[in-house]
Amino acid sequence: MSARHAETAAAAAFPGMELAEVRARAELQTRRDRKYLVRRDVFLAFLDRLADQGDWSILQIGGMRRFRYSSTYFDTPDLLTFRQHRQGRRRRFKVRTRSYLDTGACTFEVKLEGARDATVKQRREHPFALRDELTDDARAFLAEVLRAGYGVDPPGELIRTAVTAYWRRTLVQRSGTARITCDTGLVCRSEAAAVVADPGWVVVECKSAGPPTAADAVLADLGERPRRISKYCLAAAVLHPGLRANPWRRSLRDWFGTEDAESPPLPPARRRPETSRPRAAPGANKAPGVPVAPAVPAAPSEAGGRAA
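Here goes a summary of the coordinates provided. (Residues numbered from 1 in each chain as written. Predicted model: local features only at pLDDT ≥ 70, side-chain atom pairs only at ≥ 80, totals over all residues. Heavy atoms only, no water.)

**Structural notes on helix H1 (residues 3–11)**
Then, in step 1: By the burial criterion, the buried members of H1 are Arg4, Ala6, Glu7, Ala10 and Ala11. Down the axis of H1, the smallest arc covering the buried residues is 160°, so these residues share one side.
Then, in step 2: Residues of H1 that are buried in the fold lie against helix H3 (40–53), strand E3 (56–59), strand E8 (159–173), strand E9 (179–189) and strand E11 (201–208). (Buried < 20%, exposed > 50% of the residue type's maximum accessible area, 1.4 Å probe, protein only. Helix = DSSP H or I, 4+ residues; strand = E, 2+ residues; numbered from the N terminus. Arc of directions from axis to C-beta. Contact = heavy atoms within 4.5 Å.)

Printed below as a string of structure tokens:
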């Protein structure tokens, strides 16, 4: 049985929960996140143990339990927000659009670092067709959030610096407000290149308003510990050679097959024209240990790419 089918079978052990109930139970815009990067066999054991607890449901929309996500990140030309995260600044932020590719919905989001390592996320609706752009409304919202949260104005220039796409399953605790997201099939791209993360790993993120949850305890029992993981910062590190990314060195090695966080082995890829889809020459733009995806992937693909 393939990894995808094994995970589909494991996910079938959870009762489904519709989106409206998920939002009512566990919206958690101010929360504490604990992130884990685990092998897929560990992930299957994790799902089995959660199912045995009888306290978790899985997000289900129209019979689907696995969904395609895409995030477009915006930063200054000199990558201010990346550097803030690398340096562990207390007043740091991220700017992105989050697209739900199966439903055609999109939000603009600003994530701030709150008190005691809490994450505070502010968001509003954003046009799906403009998910790779900062609209005037989005810029005004960003200014409002940064002035209210940090008393600062936004940077004068923000550009699109990275796009990530992946599959996500979401589990929700029925007896509380905890939520778990499980991401696979990560693809990172910029205007110059695209990189596929090792598909043998899963990012598990446990989100709660307070202390670690029963899910964290299961992961600890399986030998896993939280890691510093940021999809944006990892994407920036592999897409922009020369960046120092020491806080994520272990995850770069495991997930992308490179220990050289300061200069990932990634040559530039030719930009694909907007109006055509020419086939790349065999072996073009491929770096040792880092498989390269099509230059503009619409969504991640795993074993045929159908949602399950």
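That was the structure; now back to the text.
**Here we look at the pattern of salt bridges**
Then, in step 1: Inspection of every chain in the model, using the stated rule, returns 20 salt bridges.
Then, in step 2: Here Glu7 ties to Arg169 by a salt bridge, and the two come within 3.5 Å at their closest N and O atoms. Here the residue Glu7 occupies a position in helix H1, and Arg169 occupies one in strand E8, the gap between them amounting to 162 residues. In this structure, Glu7 and Arg169 share a single accessibility class: buried.
Then, in step 3: Connected through shared salt-bridge partners, Arg96, Glu109, Lys121 and Arg123 make up one network. (Salt bridge = Lys/Arg side-chain N within 4 Å of Asp/Glu carboxyl O.)

**Observations regarding the pairing of strand E5 (residues 93–100)**
Then, in step 1: Counting buried residues in E5 gives seven out of eight residues, a clear majority hidden from the surface.
Then, in step 2: Of the pairings in the sheet, the one linking strand E4 (residues 67–75) to E5 comprises six bridges and is antiparallel in character. Bridge pairing in E5 places Ser71 opposite Arg98.
Then, in step 3: In this structure, E5 lies alongside strand E6 (residues 105–113), joined through eight bridges in antiparallel fashion. Opposite Val95, over in E6, you have Val110 as the bridge partner.
Then, in step 4: The antiparallel pairing of E5 with E6 creates a hairpin that spans four residues between the two strands, and Gly104 there sits at a positive phi of about 75°. (Pairing = 2+ DSSP bridges.)

Keep in mind that these numbers describe shape and distance, not what the molecule does.
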